[in-house]
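Coordinate analysis (summary)
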Amino acid sequence: MGERVPARERLLKSAAELFYRDGVGATGIDTITAHAGVAKMSLYNNFASKSDLVKAYLDARLEEWHALYHERLAKAGTPRDRLLAVFDSYVDHAERAYGWGFRGCGLLNAAAELPVGDAGRDTVAVQKDEVEQLFKQYLREMKPDGGAAIDETAEHLSFVLEGAMARAGLDGHDGRLKAARKLAISIVDRL
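Residues numbered from 1 in each chain as written. Predicted model: local features only at pLDDT ≥ 70, side-chain atom pairs only at ≥ 80, totals over all residues. Heavy atoms only, no water.

1. Topic: the packing of helix α1 (residues 7–22) against helix α4 (residues 50–74)
In contact at an axis separation of 10 Å, α1 and α4 are set at 85° when each is read in the N-to-C sense. Considering the angle they form, α1 stands roughly perpendicular to α4. Note on element contacts: α4 touches α1 through K50, L53, V54, A56, Y57 and R61, opposite R8, L11, L12, A15, A16, F19 and Y20. For the contact of α1 with α4, a count of residues per class yields ten nonpolar, no polar and three charged. (Axes fitted to C-alpha atoms, helices over the stretch in contact; angles between N-to-C directions. Helix = DSSP H or I, 4+ residues; strand = E, 2+ residues; numbered from the N terminus. Parallel < 35°, antiparallel > 145°, perpendicular 65-115°, else oblique. Contact = heavy atoms within 4.5 Å. Nonpolar A, V, L, I, M, F, W, Y, C, P; charged D, E, K, R; others polar.)

What follows is the structure, encoded as structure tokens:
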């Protein structure tokens, strides 16, 4: 007989699926606990509130993306390859969501439902800022004398990537992300 999965882990797994598939606001505590197969009290023994569970979900999604990005980064030999690893990590993250029906960026989807000032929105903003900073770093490595064009190009690439993720979520597949990667190559190669 296998080892029993702790309630916290089952709750997070269930919340991840339900929040991504159905939305944060549409998913109640009772639905999460039933899906996880735990008593409601288990949720409150592990999380102070639904908001706390949402924050833990967003933190876990951020960790998942970091892991995928670092896998891609380990295979990237040049600054250009490292920049493209960011795009590839988004494709990888999209592929993980297909089991639940791909709906775009789980971080942005959740943030859109959270009130301004919510800690979960901060988690999402950190990830989006991190992506743009990575673009700046790799672009500077590629073109140390790039000046203001580096910041502008990094912002442009960030918009391309996030816009592609939004459109891919509407399409239900990663085609737009793959197209965004090709566009990034074109942008970077002209810099």
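After that view, the rundown keeps rolling.
2. A word on the domain arrangement of the protein
One can read the domain layout of the protein as domain 1 (1–47) and domain 2 (55–190). Each of domain 1 and domain 2 has a C-alpha centre, and the two are 27 Å apart. Taken together, the contact pairs twelve residues of domain 1 with 15 residues of domain 2. The interface formed by domain 1 and domain 2 contains zero salt bridges. The tally of links from domain 1 across to domain 2 stands at four residue pairs in polar contact (both at pLDDT 80 or more). When grouped by side-chain class, the residues that make up the side of domain 1 that touches domain 2 number seven nonpolar, two polar and three charged. (Domains from an automatic or database assignment. Salt bridge = Lys/Arg side-chain N within 4 Å of Asp/Glu carboxyl O. Polar contact = N/O pair within 3.5 Å; in protein donor to acceptor, adjacent residues only side chain to side chain.)

3. Quick word on the environment of A112
Inspection of the secondary structure puts A112 in helix α6 (residues 106–113). Taking the C-alpha atoms as reference points, A112 and V24, 88 residues apart in sequence, are found 9.5 Å from one another.

4. Here we look at the pattern of salt bridges
Across all of its chains, the model carries 14 salt bridges by this definition. The partner of E17 in a salt bridge is R21, and the shortest N-O contact between them spans 3.4 Å. Separated by four residues within a single helix, E17 and R21 lie in helix α1, roughly one turn from each other. Residue class for R21 comes out partly exposed when judged on its relative accessible area of 34%. Residues R72 and D88 are paired through a salt bridge, measuring 3.7 Å at the closest nitrogen-oxygen approach. With R72 in helix α4 and D88 in helix α5 (residues 79–97), the pair connects residues that are 16 residues apart, well separated along the chain. Overall, D88 belongs to the buried group, its relative accessible area being 13%. (Buried < 20%, exposed > 50% of the residue type's maximum accessible area, 1.4 Å probe, protein only.)

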